[in-house]
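Descriptive analysis of the structure
Okay, here's what each chain looks like letter by letter:
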Amino acid sequence: MTFNDSEYIRQTEATRVRVLSEALPYIQQFAGRTVVVKYGGAAMKDSTLKDKVIRDIVFLSCVGLRPIVVHGGGPEINSWLDKLGIEPQFKNGLRVTDAATMDVVEMVLVGRVNKEIVALINQAGGLAVGLCGKDGNLFTARPQGQEGIGFVGEVSNVNIKILDTLASNGYIPVVSSVAADETGQAYNINADTVAGEIAAALGAEKLILLTDTSGILKDYKDPSTLIPKVDIREARELIAGGIVSGGMIPKVSCCVRSLAQGVRAAHIIDGRIPHALLLEIFTDVGIGTMILGSQFTSKEC
């Protein structure tokens, strides 16, 4: 080994130790606190990013936080609908979910995507348990109400008992966004919505949405216009003023609803950045947009 090699290794190790040391205050602050992570987008499709997200989730658990993962799986659903000769249809941004499509959605989300995430977390040294809304009546559904969209639902009730039991015993719950109504009819629910409602019911420290955008941008074409921090009032004004538009409206609205119900901070972060979760939680700067409840100051979060 040359001097340059050993010097590089020494500097790399020093950097690693420094980063761990800088993370300590955050680890101490958030130990025992619940963090709900909505996992989706590129971080779910790119195998390299997927590996890093899984490691980040296990890391959170190992240093004493209580991560709860909520996921969707749109691309995989489309792939299986195509294999079965069923044409995917969308109306006002929502997947039209007839009985045949609902069967596929449930099989893919609960049977394939959920179990893959569980297996990856377990392989990385965590203890994951897969759930959907039907398990332990975790959450129940009601029709979303729009005409012509079929079995697309909203969350009508959340029962956190099973999540509390699992998380307090060191397990990482992995939740897919399928639930049943009081008659047993299955519904497909937007995963952002499920994450927000679960975070609110748990009184979570943080709700983190992994997305394919840098966060809230003043100019959606320019990543340098990222808004790093807003409160509920400012977030509502950004929606009303058209700064937040299109697909970002439901994400920001979901964050605002969870904050209004007691979640301390919501984060919209770019899941395409390796280790985005750790960068957002354990560094001063963060990488996305943090939305704060009006009752909390930025110092507290």
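Attention here is on the structure that accompanies the text.

Turning our attention to the overall build of the protein chain. Counting its regular elements, the protein chain contains 10 helices and 14 strands. Relative to the globule expectation of 19 Å for 301 residues, the C-alpha radius of gyration of the protein chain, 20 Å, shows essentially globular dimensions. For the protein chain, the share of sequence-separated contacts (at least 6 apart) that also reach a separation of at least 24 residues comes to 73%. On the protein chain, roughly 14300 Å² of surface is accessible, and the fraction owed to carbon and sulfur atoms is 53%. For the protein chain, the distance from the average position of its 29 positive side-chain charges to the average position of its 33 negative side-chain charges is 3 Å.

This part takes up the sheet that holds strand E14 (residues 289-292). Read across the open sheet, the eight strands follow the order E5-E8-E2-E1-E11-E13-E14-E12; overall the sheet is mixed. Each end of this open sheet is capped by a strand with a single partner; those strands are strand E5 (128-132) and strand E12 (229-231). For this sheet the average axis-to-axis angle between neighbouring strands, irrespective of direction, equals 20°. As judged from the three bridges shared by strand E2 (residues 66-71) and strand E8 (residues 172-176), these two strands associate in the parallel manner. Paired with His71 across the two strands is Ser176, which belongs to E8.

Here the focus is the pairing of strand E7 (residues 152-158). Here strand E6 (residues 139-143) runs beside E7; their pairing, made up of five bridges, is antiparallel. When the bridges of E7 are listed, Arg142 appears paired with Glu154. As judged from the two bridges shared by E7 and strand E10 (residues 186-189), these two strands associate in the parallel manner. The residue bridging Gly153 from the neighbouring strand is Ile189, located in E10.

With that settled, consider empty space enclosed by the protein. Counted by the stated rule, this structure contains one cavity of 30 Å³ or more. Quantified by volume, the largest cavity comes out at close to 30 Å³. Forming the boundary of the largest cavity are Leu49, Val53, Asp56, Leu210, Gly271, Ile273, Pro274, His275, Ala276 and Leu277. Elements that contribute at least two residues to the lining of the largest cavity include exactly helix H3 (47-62) and helix H10 (276-282). If one sorts the elements of the lining of the largest cavity by residue count, H3 sits on top with three residues. By residue class, the composition of the lining of the largest cavity is seven nonpolar, two polar and one charged.

This model, assessed by the stated rule, comprises two aromatic pairs. With centroids separated by 5.8 Å and ring planes inclined at 70°, the aromatic side chains of Phe59 and Phe282 adopt a geometry described as edge-to-face. One end of the pair, Phe59, is in helix H3; the other, Phe282, is in helix H10, with 223 residues separating them in the sequence. Relative accessible area serves as the criterion here: at 27%, Phe59 is assigned to the partly exposed category. Taken together, a centroid distance of 5.8 Å and an interplanar angle of 85° make the contact between Phe151 and Tyr187 edge-to-face. Of this pair, Phe151 sits in the loop between E6 and E7 while Tyr187 sits in strand E10, and the two are 36 residues apart along the sequence. Residue Tyr187 is classed as buried on the basis of its relative accessible area, which comes to 7%. Across from the ring centre of Trp80, 4.1 Å away, lies the NZ or CZ of Lys83, which sits over that ring.

What links the strands of a sheet is backbone hydrogen bonding, and the strands pair in either a parallel or an antiparallel sense. The mixed open sheet is built from four strands, whose spatial order is E6-E7-E10-E9. Edge strands, defined here as strands with exactly one partner in the open sheet, are E6 and strand E9 (178-180). Adjacent strand axes in the sheet meet at a mean angle of 55° when their direction is disregarded. Contacting E9 and E10, helix H5 (residues 99-123) crosses the sheet at an angle of about 65° to E10. Sheet strands touched by helix H7 (residues 191-202): E6, E7 and E10. Its angle to E7, the strand with the most contacts, is close to 5°.

Cut-off values and rules
- Residues numbered from 1 in each chain as written.
- Predicted model: local features only at pLDDT ≥ 70, side-chain atom pairs only at ≥ 80, totals over all residues.
- Heavy atoms only, no water.
- Helix = DSSP H or I, 4+ residues; strand = E, 2+ residues; numbered from the N terminus.
- Rg over C-alpha atoms; globule rule 2.2 N^0.38 Å.
- Contact = heavy atoms within 4.5 Å.
- Areas by Shrake-Rupley, 256 points an atom, 1.4 Å probe, with all protein chains shown as cover.
- Lys, Arg positive; Asp, Glu negative; His and termini not counted.
- Charge placed at Lys NZ, Arg CZ, Asp CG, Glu CD.
- Pairing = 2+ DSSP bridges.
- Axes fitted to C-alpha atoms, helices over the stretch in contact; angles between N-to-C directions.
- 1 Å grid on protein atoms, 1.4 Å probe; cavity = no way out; pocket = protein on both sides within 12 Å on 5 of 7 lines; lining within 4 Å.
- Points joined across faces, edges and corners; volume = space filled by probe spheres on them.
- Nonpolar A, V, L, I, M, F, W, Y, C, P; charged D, E, K, R; others polar.
- Phe/Tyr/Trp six-rings, centres within 6.5 Å; stacked < 30°, edge-to-face > 60°.
- Buried < 20%, exposed > 50% of the residue type's maximum accessible area, 1.4 Å probe, protein only.
- Lys NZ or Arg CZ within 6 Å of the ring centre and 35° of its normal.

So, to be careful, I would describe these as geometric facts and stop short of saying anything about function.
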